[in-house]
Protein chains: 2
Amino acid sequence: MKGRRDFFPPLDIGAGRIELGHGSGGRATAQLIEELFSAAFDNDWLRGMNDQASFEAPPGRLVLTTDSFVVSPLFFPGGDIGCLAVNGTVNDIAMAGAKPLYLSASFILEEGFPLADLHRVVQSMAVAARAAGVAIITGDTKVVERGKADGVFITTTGVGNVPDATRIDASRARPNDRIILSGTLGDHGVAVLSRRENLHFETELRSDSAPLHELVAAMLAVAPDLHCLRDPTRGGLAAVLNEWARQSDVGMIIHERAIPIRPEVAAACEFLGLDPLYLANEGKLVAVCPPQSAEDVVRAMRRHPLGRDATIIGEVRADAHRAVEMETAFGGRRLVDWLSSDPLPRIC
Amino acid sequence: MKGRRDFFPPLDIGAGRIELGHGSGGRATAQLIEELFSAAFDNDWLRGMNDQASFEAPPGRLVLTTDSFVVSPLFFPGGDIGCLAVNGTVNDIAMAGAKPLYLSASFILEEGFPLADLHRVVQSMAVAARAAGVAIITGDTKVVERGKADGVFITTTGVGNVPDATRIDASRARPNDRIILSGTLGDHGVAVLSRRENLHFETELRSDSAPLHELVAAMLAVAPDLHCLRDPTRGGLAAVLNEWARQSDVGMIIHERAIPIRPEVAAACEFLGLDPLYLANEGKLVAVCPPQSAEDVVRAMRRHPLGRDATIIGEVRADAHRAVEMETAFGGRRLVDWLSSDPLPRIC
């Protein structure tokens, strides 16, 4: 890049707002990219101002994943849409057993959105990307008229690489496999919903947003034969288990007593009428692995800060109905169905 | 995939509408993905219902690019947001001299959006992807409340591969290089704007949306030393030339008489007060190449249906001010500056 354009005053990040001109592909767009996005993400790919970025393909297979983030509110205890957009896509790569390498980021901005908020979001993305060891190498920015979006929507797409031998897949759960959960359920969902409803609890509930690829690497080091792996985001643990049951043609049973839930999250769920099995998490994972390696996997997870509360929560069963059931704390059983009609929108 | 879920009636694509539940990660989300997206894009990656897709890395470097599409109206003469979202990303890959391989697609849907419109958009994407020889291998769907988006926004991200020797870059324009344009300017921008303003002209103005990777391959076959290549979408030809002038530290001169513009587009521009140099195109490219290969490149382009009107429109010059100038049809000169404050939003 050849020094800044001299005809425009610098962006007023303190008091400025997104205007339609920032999306028209002219000088204002270039200025926004240069002073806000390139400055934060800071790499030669972005400084090259091409419409794409190129890199050497690493050995092994490649993994591609994408996610749009539309969370409301944009800022919540423990995170914001920016760190979610990076960690969410890093985690979707990690759930294939892959190492996250590169991200793209595309922004849909609403006219009038404060540049200060955008700056805060972009800084949060930059910090999260550095922490996860990924580079944001290409992007796009569009602006829509006031009232045609909700502040900012972010779509991140990630590329990672995975050894040829790793074959984690939703269809690989087998009867007698163990179901492992990495930690407490519901922290993110409750943090977002309580902020949205403006509820205050004695203890602040914080999102668990975090990158999980190192935890996954630790698991694969002791159990290269992991069968299934997923982060229970939107739809929660219930959606993940039902999806796997369906794709693998098996049933599942989980044990309520084994599922770690923070007391304050349990209390908030009771107050809000929510079931933690359906709440989004942004720094947790569920795994299915053969019974003989389950204990080793849990031990390896507990040595990692993001897996301290890891535990076996259930088993895979042969079941033509592909039912997911929970043995309740009182010894009964209940069906853990998909979330059907009751929506929990804009949680990630 | 194991046969369809039997507890839900099939989607009512004729009369149904997007509901918040379609974005909650539960059964309605799975049904939308299965019956609408997977059915149209039709490949084993999507049927696997994982949160990511994996593939063997081809030899050479990889290219990554992303774009969000927010065009209004969604349907216009010659195309719609669906074919734009595929061709736009295919073209951004092609502009690195790369072969497009895989796409991801992420949808932000507004509550109440008709399923019939979504189906039409998704079918258009499927047709465009097949025509361009790319597979849509992973995706995401989010739903926001009514009034928080504008029907549908689509973000596509593409991966392609490029031979190690190809080094097309915005910084490689050199004095005396020739500037080549593949065809008429302004068709897409005028088609969208006239539909938006509900204007009717004697001849229907149609978008030029098309995938350009084969045209690029034909160019590289005769001139592997192409210096710069870009599709003049948002911001138009003016933005591309100014970006290159700046990144390459050169000036440019183009000749108005040499620039092909359809008479009906010229008339519409005059009527609407628009300058075709700033209008978006979705099936055109601009190239900068060394003078000795320019004629060969133009000849090769003219043999391809998308390059029939290809022509040399100007030259690169040494210029410390990095000015882009146009020699007008009347022999004068004018500065072709970036589009500055006058926005043409939602055109792609």
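Thresholds applied
For every chain, the first residue of its written sequence is number 1, and the numbers climb from 1 along that sequence. Chain A is the first chain written and ligand 1 is the first ligand written, with later ones labelled in order. The model is predicted, so local features are restricted to residues of pLDDT at least 70 and side-chain atom pairs to those at 80 or more, both for listing and for counting; the totals for chains, interfaces and linings are taken over all residues. Side-chain descriptors were evaluated using all non-hydrogen atoms of the structure, hydrogens and water having been removed beforehand. An automatic or database domain assignment supplies the start and end points of every domain. Once two parts are put together, the accessible area they lose, assessed with a 1.4 Å probe and summed over both, is termed the buried area. We define a salt bridge as a contact between a side-chain nitrogen of Lys or Arg and a carboxyl oxygen of Asp or Glu at a distance within 4 Å. Counting of polar contacts relies on pairs of N or O atoms within 3.5 Å, with two restrictions inside protein: one atom must be capable of donating a hydrogen and the other of accepting it, and residues adjacent in sequence are counted only when both atoms are side-chain atoms. For helices the rule is a DSSP run of H or I covering at least 4 residues; for strands it is a run of E covering at least 2, with both sets numbered from the N terminus onward. We call Asp, Glu, Lys and Arg charged. Ala, Val, Leu, Ile, Met, Phe, Trp, Tyr, Cys and Pro are nonpolar, and the rest, Gly among them, are polar. When two rings of Phe, Tyr or Trp (its six-membered ring) have centres within 6.5 Å they constitute a pair, described as stacked for plane angles under 30 degrees, edge-to-face for angles over 60, and tilted for the intermediate range. Using a 1.4 Å probe on the protein chains alone, a residue whose accessible area is under 20% of its type maximum counts as buried, one over 50% counts as exposed, and one in between counts as partly exposed. Charge over a ring is defined by NZ of Lys or CZ of Arg lying within 6 Å of the ring centre and within 35 degrees of the ring normal. Our superposition of the copies is a least-squares fit, built on the C-alpha atoms of residues whose pLDDT is at least 70 in both. Strands are treated as partners if at least two bridges between them are detected by DSSP. Axis definition: a line fitted to C-alpha atoms, over the contacting stretch in the case of helices. Angles run 0 to 180 degrees between N-to-C directions. We call two residues in contact when some of their heavy atoms are within 4.5 Å. How far a helix is expected to stretch is found by multiplying one less than its residue total by 1.5 Å. By arc we mean the arc of the directions from the helix axis to the C-beta atoms, nothing more.

This brings us to the domain arrangement of chain A. Residues and elements named next belong to chain A. In terms of domains, chain A is made up of domain 1 (20–162) and domain 2 (178–335). Its C-alpha centre places domain 1 at a distance of 27 Å from the equivalent point of domain 2. When the area that domain 1 buries against domain 2 is broken down by residue, the three leading residues are P77, N91 and M95, summing to 36%. Inspection of the domain 1/domain 2 interface yields 0 salt bridges. At the surface where domain 1 touches domain 2, the tally comes to 7 residue pairs in polar contact (both at pLDDT 80 or more). Elements supplying a minimum of two residues to the side of domain 1 that touches domain 2: β3 (75–76) and α3 (81–94). Ranked by the residues each element gives to the side of domain 1 that touches domain 2, the list is headed by α3, at 8 residues. Looking at the side of domain 1 that touches domain 2 residue by residue, the class counts come to 12 nonpolar, 6 polar and 1 charged.

Going through the model one piece at a time under the given rule, you end up with 9 aromatic pairs over all chains. Plain terms: the ring middles of W45 of chain B and Y102 of chain B are 5.5 Å apart, the flat faces sit at 75 degrees to each other, and that makes the pair edge-to-face. With a gap of 57 residues between them, W45 of chain B in helix α2 (residues 44–47) and Y102 of chain B in strand β5 (residues 99–110) connect regions that are remote in the sequence. For W45 of chain B, a relative accessible area of 31% translates into the label partly exposed. Between the aromatic rings of F55 of chain B and Y102 of chain B, the centroid separation amounts to 4.2 Å while the plane-to-plane angle is 35 degrees, which identifies the pairing as tilted. Of the two residues, F55 of chain B sits in strand β1 (residues 53–56) while Y102 of chain B sits in strand β5, which places them 47 residues apart along the sequence. Overall, Y102 of chain B belongs to the buried group, its relative accessible area being 16%. Counting every residue linked through ring pairs, the aromatic cluster contains F37, F41 and F107 of chain A. Between R120 of chain A and the ring centre of F75 of chain A, over which it is positioned, the NZ or CZ distance is 3.7 Å. Positioned above the aromatic ring of F69 of chain A is the side chain of K142 of chain B, whose terminal nitrogen or guanidinium carbon lies 5.5 Å from the ring centre.

What follows deals with the relation of the copies chain B and chain A. In screw terms, the move from chain B to chain A is a rotation of 180 degrees and a rise of 0.0 Å along the axis, fitting with an RMSD of 0.0 Å. Each copy turns onto its partner about a two-fold axis. Considering only C-alpha atoms, the residue of chain B closest to the rotation axis is A149 of chain B, which sits at 2.1 Å.

Residues and elements named next belong to chain B. The strand order across the open sheet built from 7 strands is β9-β11-β8-β12-β10-β13-β14, with neighbouring strands paired in mixed fashion. The strands lining the two open edges of the sheet, one partner per strand, are β9 (228–230) and β14 (333–335). The mean angle between the axes of side-by-side strands here comes to 25 degrees, regardless of whether they run parallel or antiparallel. Summarising the sheet, strand β8 (residues 178–181) and strand β11 (residues 286–289) pair through 4 bridges and their orientation is antiparallel. Looking across to β11, one finds that L181 is bridged to V286. Against the sheet, helix α7 (residues 236–248) contacts β8, β9, β10 (251–255), β11, β12 (311–317) and β13 (324–327), and its axis sits at roughly 30 degrees relative to β11.

Residues and elements named next belong to chain B. Here helix α9 (residues 291–302) spans 18 Å end to end across 12 residues, near enough to the 16 Å set by a 1.5 Å rise per residue. When α9 is considered as a whole, its buried residues turn out to be S293, A294, V297, V298, A300 and M301. One side of α9 holds all its buried residues, which, seen down the axis, span an arc of 160 degrees. If you follow the buried residues of α9, they end up packed against β8, α6 (213–222), β11 and β12.

The next subject is the pattern of salt bridges. Taken as a whole and assessed by the stated rule, the structure comprises 38 salt bridges over all chains. In this structure, E325 of chain B engages R317 of chain B in a salt bridge whose closest nitrogen and oxygen atoms are separated by 2.7 Å.

A few words now on the interface of chain B and chain A. The interface of chain B with chain A comprises 85 residues on the first partner and 85 residues on the second. A combined buried area of about 7,100 Å² lies between chain B and chain A, and 49% of that area is made up of carbon and sulfur atoms. Scanning the region where chain B abuts chain A turns up 14 salt bridges. The closest approach of N and O atoms between D150 of chain A and K148 of chain B, which form a salt bridge, is 3.8 Å. Along the contact surface separating chain B from chain A lie 40 residue pairs in polar contact (both at pLDDT 80 or more).

Let us now look at the pairing of β12 of chain B. All names here are of chain B. In this sheet, β12 lies alongside β8 in antiparallel orientation, the contact comprising 4 bridges. Its bridge partner being in β12, R178 is matched across the sheet by E315. Here 4 bridges tie β10 to β12, and the two strands are oriented antiparallel to one another. Bridge pairing links I253 to E315 in β12.

This part is about helix α7 (residues 236–248) of chain A. Compared with an ideal rise of 1.5 Å per residue, which puts 13 residues at 18 Å, α7 of chain A spans 19 Å between its outermost C-alpha atoms and is within 8% of the ideal. Following α7 of chain A by one or two positions, D249 of chain A adopts a phi angle in the positive range, close to 60 degrees.

Before going further, it helps to examine the sheet that holds strand β8 (residues 178–181) of chain A. Within a sheet, adjacent strands bond to each other through the backbone by hydrogen bonds, running parallel or antiparallel. All names here are of chain A. In spatial order, the strands read β9-β11-β8-β12-β10-β13-β14; together these 7 strands make up an open sheet with mixed pairing. In this open sheet, the two strands that pair with only one neighbour each are β9 (228–230) and β14 (333–335). If you compare each strand with its neighbour and ignore which way they point, the axes differ by 25 degrees on average. Where strand β13 (residues 324–327) meets β14, 3 bridges bridge the pair, whose relative direction is antiparallel. Following the sheet pairing, E325 is matched in β14 by L335.

This brings us to the environment of D92 of chain B. Tracing the backbone through its elements, the reader meets D92 of chain B in helix α3 (residues 81–94). The class for D92 of chain B is buried, based on a relative accessible area of 4%. Taking the C-alpha atoms as reference, D92 of chain B lies 9.8 Å from G160 of chain B; in sequence the two are 68 residues apart. The residues touching D92 of chain B, leaving out its near neighbours within four places in the chain, are D51 and Q52 of chain A together with T65, D67 and D231 of chain B.

Another point: the environment of L272 of chain B. All names here are of chain B. Here L272 is to be found in helix α8 (residues 263–272). The class of L272 is partly exposed, set by a relative accessible area of 26%. Spatially, the C-alpha atom of L272 lies 16 Å from that of R346, the residues being 74 residues apart in sequence.

Here we come to the side chain of S248 of chain B. Residue and element names in this part refer to chain B. If you trace the backbone, S248 turns up in helix α7. Overall, the relative accessible area of 8% leaves S248 in the buried class. A distance of 3.0 Å separates a polar atom in the side chain of S248 from the backbone nitrogen of A173.

This part is about the pairing of strand β11 (residues 286–289) of chain A. The side chains of a regular strand alternate between both faces of the sheet. All names here are of chain A. The side-chain alternation of β11 yields two buried faces, one formed by V286 and V288 and the other by A287 and C289. Sheet topology places β9 next to β11; 3 bridges connect them, and they run antiparallel. Paired with C228 across the bridge in β11 is V288.

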